Every structure is written in C-alpha cells, then in structure tokens.
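Here is how the chains run, residue by residue.
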Amino acid sequence: MKLLQQKIREEGVVLSDSVLKVDSFLNHGVDPQLMDAIGEEFSKRFKDQSITKVLTIESSGIAPALMTSLKLGIPMVFARKKKSLTQSDGLITSKVYSFTKREENTISISSQYIQTGDRVLIIDDFLANGQAALGLIDLAEQAGAEVAGIGIVIEKSFQDGGEILRQKGFRVESLAELHSLKNGRITYKEEATAGVNHS
Ligand code: G4P
C-alpha cells in the first residue's frame with residue numbers, strides 16, 4: 001500500500017536493526033485519514049470472505065481494526081491484556097509471550113462477542129514473531145469461530161511470524177512488508193526482490 005509505505009518513510013524512525021518506531025501515526029498518535037485508507041484496503045482484500053467479526057488486541061490494533069469493521073459493516077472486538085472490572089462470565093483466555101518485551105500476557109475476550117459460526121478477520125498493527133496473532137487465533141477457535149484471514153498493517157518479514165502463520169494455512173495480508181531495517185535504512189520486500197536500494 002503506497003500511502004502507508006510513504007508515511008513510514010516520512011515519519012518512521014529506525015530504532016535498531018529490528019525495531020521501527022511509528023508513534024506519530026500508529027502506536028501513539030493516530031492518523032485518521034491513513035486509518036480510513038487502511039480500513040478500506042483490508043475491506044477490499046477480504047470482502048469476499050463472508051467475515052462476520054473483526055478481532056484485534058489492545059491497544060494499537062484497535063484503530064485499524066475499527067476502520068476495517070466500519071468498512072465491512074460488521075462489529076469489531078478487541079482482546080484485553082488485563083481483565084477489566086466488568087468482565088466476568090464466559091471469559092475465554094490465552095497466553096501470549098512477547099519475545100520483544102520478554103513478558104507473558106494473558107489475553108481474553110468474553111464468549112458473548114465471538115461465537116460458533118462467526119468468520120473472524122484478525123487485524124493487528126505489527127507482525128513480528130506472530131505470538132499475538134497465534135493468541136488471537138486460539139481465542140477465536142476456543143469460541144468456536146473460524147479464522148478467515150489475518151490483516152497486518154506492518155509485517156517485519158525478517159522475523160518469522162508471517163512464515164509461521166502462512167505455513168499453518170492462514171491467509172495473511174500485510175499492507176507494508178519490511179525486508180530489512182539494517183543500518184538505519186528501511187527496505188521494503190518488493191524493493192529487495194527488485195534490487196532497489198534507498199539510501
Ligand atoms: P508478535 O506478537 O508478532 O510476536 O510480536 P512481539 O511480541 O515481538 O511484539 C510485542 C509488541 O511490540 C506488540 O505491541 C507489537 O505490535 C510491538 N512491536 C513488535 N515489533 C515492533 C516494531 O518494530 N515497532 C513497533 N512500533 N512495535 C513493534 P504491544 O505490546 O501489543 O503494544 P500496543 O499494541 O499496546 O501498542
């Protein structure tokens with residue numbers, strides 16, 4: 001998605017060989033026009049999949065997931081990382097280990113919001129090692145739903161999450177695929193394939 005790639009080039013900050021900071025539009029500040037375009041793009045890519053619910057995880061997945069659900073005309077549900085005061089009966093939980101943060105979170109949804117017969121589209125901001133997506137797949141499957149696709153705003157193709165999910169047979173659609181962040185430089189997957197070098 002050109003608009004997103006351009007935004008990453010303009011505002012993304014490479015913090016290390018493996019971490020890209022995009023706080024200005026995705027992880028802290030949120031650009032509503034860009035989120036609108038992202039929602040439109042995911043909705044276009046998955047419109048023939050009879051999706052009934054969009055599922056994400058707090059916090060940075062919420063903006064792109066909400067715009068996608070709005071465009072598809074279906075509800076959005078976000079998994080919580082901490083149990084809320086009002087969550088009680090029928091809680092479905094899964095454990096997610098973050099290699100980046102070296103911590104484990106128990107994520108949860110109420111069984112009220114995703115049920116047998118639902119076709120779920122998982123949306124998240126970043127795909128690194130795939131642990132968050134695997135946790136969301138587990139929640140959806142425990143609820144009796146089917147995962148019909150996974151939409152990722154920024155996939156770090158040099159980490160193994162994408163491969164793990166695709167090998168399991170899931171359709172993963174990423175709007176920007178980072179081939180490398182080495183030496184402070186952003187290289188997209190298609191540039192690496194075409195041999196283009198942005199210095
Ligand atoms: P994984 O789910 O693919 O295994 O990813 P990982 O555990 O490595 O990521 C943990 C958190 O760090 C997630 O956010 C993820 O979105 C984020 N993350 C991973 N790599 C990058 C990166 O290169 N840049 C940025 N900006 N974030 C990255 P989170 O803890 O759930 O945060 P939030 O959703 O509450 O903002």
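First things first, this report covers the structure right here in the doc. (Residues numbered from 1 in each chain as written. Predicted model: local features only at pLDDT ≥ 70, side-chain atom pairs only at ≥ 80, totals over all residues. Heavy atoms only, no water.)

**Things to note about the overall build of the protein chain**
Stated precisely, the cut-off is as follows: Starting at the N terminus, helices and strands are each numbered in turn, a helix being any DSSP run of H or I of at least four residues and a strand any DSSP run of E of at least two. Relative accessibility thresholds used throughout: buried, under 20% of the residue-type maximum; exposed, over 50%; partly exposed, between the two (1.4 Å probe, protein chains only). Contacts are assigned to residue pairs that have any heavy atoms within 4.5 Å of one another. All accessible areas in this document rest on Shrake-Rupley with a 1.4 Å probe, and a residue is counted as covered only by the protein chains that are shown. In this charge count, Lys and Arg are treated as positive and Asp and Glu as negative; neither His nor the chain ends contribute. Charge coordinates come from a single atom per side chain, which is NZ of Lys, CZ of Arg, CG of Asp or CD of Glu.
Helix and strand content of the protein chain: seven helices and 10 strands. When the backbone C-alpha atoms are referred to their principal axes, the protein chain occupies close to 55 × 35 × 35 Å. Within the protein chain, buried positions represent 47% of all 199 residues. Across the protein chain, every contact between residues at least 6 apart in sequence was considered, and the portion connecting residues at least 24 apart equals 62%. Entry remark: accessible area of the protein chain is about 10000 Å², with carbon and sulfur atoms responsible for 48%. Both charge centroids of the protein chain, one from 24 positive and one from 26 negative side chains, sit 2 Å from each other.

**Details of the packing of helix α3 (residues 32-46) against helix α4 (residues 62-72)**
Let me state the cut-off plainly: For every element, the axis is a line fit to its C-alpha atoms; helices are fit only across the contacting stretch, and the angle between N-to-C directions ranges from 0 to 180 degrees. By the definition adopted for this analysis, an angle is roughly parallel if under 35 degrees, roughly antiparallel if over 145, roughly perpendicular if from 65 to 115, and oblique otherwise. Crossings are classed by handedness, with left-handed meaning an anticlockwise turn of the near helix from the far one by less than a right angle and right-handed meaning a clockwise turn. Gly falls in the polar group here, along with every residue not listed as nonpolar (Ala, Val, Leu, Ile, Met, Phe, Trp, Tyr, Cys, Pro) or charged (Asp, Glu, Lys, Arg).
Where α3 contacts α4, the two axes come as close as 8 Å, and the packing angle between them is 55 degrees. Between α3 and α4, the crossing angle belongs to the class labelled oblique. Read as a crossing pair, α3 and α4 show a hand that is right-handed. Between α3, through Met 35, Asp 36, Ile 38, Gly 39, Glu 40, Phe 42 and Ser 43, and α4, the contact on the second element is made entirely by Ala 63, Pro 64, Met 67, Thr 68, Lys 71 and Leu 72. The class makeup of the residues in the contact of α3 with α4 is seven nonpolar, three polar and three charged.

**Examining the nonpolar core**
Using the following cut-off: In these notes, a set of buried Ala, Val, Leu, Ile, Met, Phe, Trp, Tyr and Cys residues joined through side-chain atoms within 4.5 Å is what counts as a nonpolar core.
Counting 28 residues, the largest nonpolar core has Leu 4, Ile 8, Leu 20, Leu 26, Ile 38 and Ile 154 as its most contacted members. Every element with two or more residues in this core is listed here: α1 (2-11), α2 (23-27), α3, α4, β7 (119-127), β8 (146-156) and β9 (172-180). Counting residues per element, this core draws most heavily on α3, which supplies five residues. The residues contacting Leu 26, other than those within four sequence positions of it, are Met 35, Ser 60, Asp 125, Phe 126, Val 153 and Ile 154. Val 120, Ala 133, Leu 139 and Val 172 belong to the second-largest nonpolar core, a separate cluster that totals 25 residues.

**So, the environment of Met 76**
Summarising the element assignment, Met 76 is placed in strand β4 (residues 76-79). If near-sequence neighbours (up to four positions away) are discounted, Met 76 is found in contact with Val 54, Thr 56, Ile 62, Ala 65, Leu 66 and Ser 69.

**So, the pattern of salt bridges**
Using the following cut-off: Salt bridge, as used here: a side-chain nitrogen of Lys or Arg that lies within 4 Å of a carboxyl oxygen of Asp or Glu.
With the rule as written, the count across this model stands at 13 salt bridges. A salt bridge links Glu 41 to Lys 44, with the nearest nitrogen and oxygen atoms 3.5 Å apart. Residue Glu 41 and its partner Lys 44 are both found in helix α3; the two are separated by three residues, about one turn of the helix. Judged by relative accessible area, which is 17%, Glu 41 ranks as buried. On the accessibility criterion, Lys 44 (52% relative accessible area) is exposed.

**Some thoughts on the pairing of strand β5 (residues 91-98)**
Selection criterion: Strand pairing follows a simple DSSP-based rule, namely that at least 2 bridges must link the two strands.
In β5, alternate side chains face the same way, and those of Ile 92, Ser 94, Val 96 and Ser 98 are buried while those of Leu 91, Thr 93, Lys 95 and Tyr 97 on the opposite face are not. From the end of β5 to the start of strand β6 (residues 103-110), which pair antiparallel, there are four residues, and Arg 102 there has a positive phi angle of about 50 degrees.

**Some remarks on the site of the ligand**
Let me state the cut-off plainly: Here, proximity means that at least one heavy atom of the residue falls within 4 Å of the molecule or strand. Counted as a polar contact is a pair of N or O atoms within 3.5 Å, where, for protein atoms, one must be capable of donating a hydrogen and the other of accepting one, and residues adjacent in sequence contribute only when both atoms are in side chains.
Taken together, 21 residues surround the ligand, and among them Leu 20, Ser 60, Lys 81, Thr 100 and Lys 101 come closest. One nitrogen or oxygen atom from the main chain of Leu 20 is found 2.6 Å from a nitrogen atom belonging to the ligand. In this structure, Lys 101 approaches the ligand through a side-chain N or O atom, which is 2.5 Å from an oxygen atom. For the ligand, the accessible surface in isolation is 720 Å², of which the surrounding protein chains cover 85%. The set of elements that each furnish at least two residues to the shell around the ligand consists of β7 and α5 (131-142). In terms of residue count, β7 provides more of the shell around the ligand than any other element does, three residues in total. Looking at the shell around the ligand, its residues break down into seven nonpolar, nine polar and five charged.

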